[in-house]
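Structure at a glance
In case you want the letters, here they are:
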Amino acid sequence: MEEAARLSGIEQSRRACAGTGCAICITCEEPIPVARRAAVPHAQRCTGCQQHHEGVGRGR
Ligand SMILES: [Zn+2]
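This write-up is about the structure you can find in this document. Keep in mind it's a predicted model, so treat the numbers as computed, not measured.

1. Here's the deal with the overall build of the chain
For the chain, the count of helices and strands is three helices and zero strands. Start at the N end of the chain and walk to the C end: the helices and strands fall as α-α-α. Relative to its 60 residues, the chain shows a buried fraction of 7%. Long-range contacts, defined as pairs at least 24 residues apart, comprise 3% of the intrachain contacts of the chain with a sequence gap of at least 6.

2. With respect to the environment of H42
Tracing the chain through its elements places H42 in the loop between α2 (34-39) and α3 (47-55). Between the C-alpha atoms of H42 and A23, which are 19 residues apart in sequence, the distance is 9.9 Å.

3. Looking at unusual backbone geometry
Despite not being glycine, E29 shows a phi value in the positive range, around 65°. Tracing the sequence through the fold places E29 in the loop between α1 (2-20) and α2. Given 10 C-beta atoms within a 10 Å radius, E29 is considered exposed.

The rules behind each value
- Residues numbered from 1 in each chain as written.
- Predicted model: local features only at pLDDT ≥ 70, side-chain atom pairs only at ≥ 80, totals over all residues.
- Helix = DSSP H or I, 4+ residues; strand = E, 2+ residues; numbered from the N terminus.
- Buried ≥ 20, exposed ≤ 12 C-beta atoms within 10 Å, placed from the backbone.
- Contact = placed C-beta atoms within 7 Å.

Written as structure tokens, this is what we have:
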């Protein structure tokens, strides 16, 4: 029964991922820090990739 509970926890984590964005950066596929996900719940990129993404077009 403990294993069932553990699997249930994994299921909840997957559902949370689907609802709030993913724990994995869509650009570099690195794990997104929990602190960043807490600050930006719908973030799909890690801090570095998001800055690069937002910085595109600013020149140099
Ligand atoms: Zn990234």
